[in-house]
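The residues making up each chain are set out below.
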Amino acid sequence: MTAASYVISAAPQPALPVVGETGSYPVRRIWCVGRNYLEHIREMGNDERAPPFFFAKHADMLVPDGATIPYPPLTKDLHHEVELIVAMKSGGLNIPTEKALDHVYGYAVGIDLTRRDLQIASRKKERPWEIGKSFDYSAPCSAIQPASKIGHPTKGRIWLMVNGKETQKGDLTELIWNVPEIIWQLSQQVKLAAGDIIMTGTPAGVSQLQPGDKIECGVDGVGTLKVNIGKPE
C-alpha cells in the first residue's frame, strides 16, 4: 500500500541518529526488560530469582538527546531508569544465544521514564503496566553506536545524574540476563526484526523527578544522553 492510498496522513517514521552516519536508524518497536539488575530488584522489593519478562513502549514515544520533556499527566511520582539499549539489524523466532549478537546493529543509552505511582497501582490490581510505562515522551534515547565500531559491550559503568548529583550507578557486568540471553528469551515471545530496540534493564538508584530537573546519563564505551524535565503540557 502506498502513502497515496491512506485516508489520513501517515505518521512519520520514528528514527534515531547513528554516530558517524548521515542516515538514521528506523525504529520498529521498543521492548523493555523488567528487573534485570539485582540491586534494583531488591530496592523495589521484588523476587530476585524470577526469569526476565518484557513490556513495550510505542516507537513514537522516543525522545532525542537534548530534548525538554513535558512532565506527564496523571502522575505525581515520575521516575528515571537509565538503560543500555540494543538495536537490532535482523531477527527471527527462537534465536539461540550463540547467534544472538549476529542480529545486533548497535547500542545506545536510554531512559525508561516511569509513572511509578500508576505502575504500582496497576500491579496491585494485577492490571497491565502500560499506564505507568507507555506514555508520550517516555523513551529518551541517544544516538546509536554501531557494533561494527565499538563491538558488543559486556562491561562498563552505567550511570545517571539529576542536577549534577549521581543517583544511579552500576556496571554492565551486573546484568542478570546478558544481551544474548535477553534476545533469546524475547525471541521466544515475538518474532524480532530489523528496527526493534531493546531496553535491557536499570541499576539501583531510581528516584523521583520534578519539572526543571536536568538529567545526564551514560554507558561507558557507548555514549551519553541529556534531557530536561519541563512543565506539564
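To be clear, the structure that these remarks concern was listed above.
In this numbering scheme, every chain counts its residues from 1 along its sequence in written order. This being a predicted model, a pLDDT of at least 70 is required before a residue's local features are given, and a value of 80 or more before pairs of side-chain atoms are given or counted; all residues contribute to the totals for chains, interfaces and linings. Each side-chain value is derived from all of the structure's non-hydrogen atoms; neither hydrogens nor water enter the calculation.

**A word on the pairing of strand E14 (residues 165–171)**
Part 1: In this structure, strand E13 (residues 157–162) lies alongside E14, joined through 6 bridges in antiparallel fashion. Among the inter-strand pairings, Arg-157 is bridged to a residue of E14, identified as Asp-171. Two strands are said to pair when DSSP picks up at least two bridges between them. Strands are runs of DSSP state E lasting at least 2 residues, helices are runs of H or I lasting at least 4, and numbering of each runs from the N terminus.

**Focus on the pattern of salt bridges**
Part 1: When a carboxyl oxygen of Asp or Glu lies within 4 Å of a side-chain nitrogen of Lys or Arg, that pair is called a salt bridge. On inspection of all chains with the given rule, the structure shows 8 salt bridges.
Part 2: Asp-112 serves as the salt-bridge partner of Lys-57, at 2.8 Å between the closest nitrogen and oxygen. In this pair, Lys-57 is assigned in strand E4 (residues 53–57) and Asp-112 in the loop between strand E9 (104–111) and strand E10 (114–115), connecting sequence segments 55 residues apart.
Part 3: Type-normalised accessible area, obtained with a 1.4 Å probe on protein chains alone, sets the label of each residue: buried when under 20%, exposed when over 50%, and partly exposed for intermediate values. Assessed through its relative accessible area of 4%, Lys-57 is described here as buried.
Part 4: When the shortest N-O distance is used, the salt bridge between Lys-133 and Asp-112 registers 2.7 Å. Separated by 21 residues along the polypeptide, Lys-133 in helix H4 (residues 130–133) and Asp-112 in the loop between E9 and E10 bring together distant segments of the chain. An identical accessibility class is assigned to Lys-133 and Asp-112; each is buried.
Part 5: The structure contains a network of salt bridges with shared partners spanning Lys-57, Glu-81, Asp-112, Arg-116 and Lys-133.

**Focus on the packing of aromatic side chains**
Part 1: Pairs were defined over the aromatic rings of Phe, Tyr and Trp, the Trp ring being its six-membered one, requiring ring centres within 6.5 Å. Orientation was assigned from the angle between planes: stacked under 30 degrees, edge-to-face over 60, tilted for the rest. Evaluated as defined, the whole model comprises 3 aromatic pairs.
Part 2: An aromatic cluster of at least three residues, connected via ring pairs, comprises Phe-53, Phe-55 and Trp-129.
Part 3: Whether a charge sits over a ring depends on NZ of Lys or CZ of Arg being within 6 Å of the ring centre and within 35 degrees of the ring normal. A cation over an aromatic ring shows up here: Lys-57 above the ring of Phe-135, its NZ or CZ 5.6 Å from the ring centre.

**Looking at the sheet that holds E14**
Part 1: Strand order in the open sheet made by the 5 strands is E6-E18-E17-E13-E14, with mixed pairing throughout. Of all strands in the sheet, those bounded by a partner on one side alone are strand E6 (68–70) and E14. Taking each pair of neighbouring strands and ignoring which way they run, the sheet shows an average axis angle of 20 degrees. In this analysis an axis means a line fitted to C-alpha atoms, helices contributing only their contacting stretch, and an angle means the value between N-to-C directions, from 0 to 180 degrees.

**Overview of the pairing of strand E8 (residues 82–88)**
Part 1: A large share of E8 lies buried, amounting to 7 of its 7 residues.
Part 2: Two strands pair when backbone bridges link them, and E8 and E9 are joined in this way by 7 bridges, in the antiparallel orientation. Looking at the pairing, Ala-87 lines up with Gly-106 of E9.
Part 3: Across 3 bridges, E8 lies against strand E15 (residues 196–199) in antiparallel orientation. Considered in E15, the bridge of Ala-87 is made with Ile-197.

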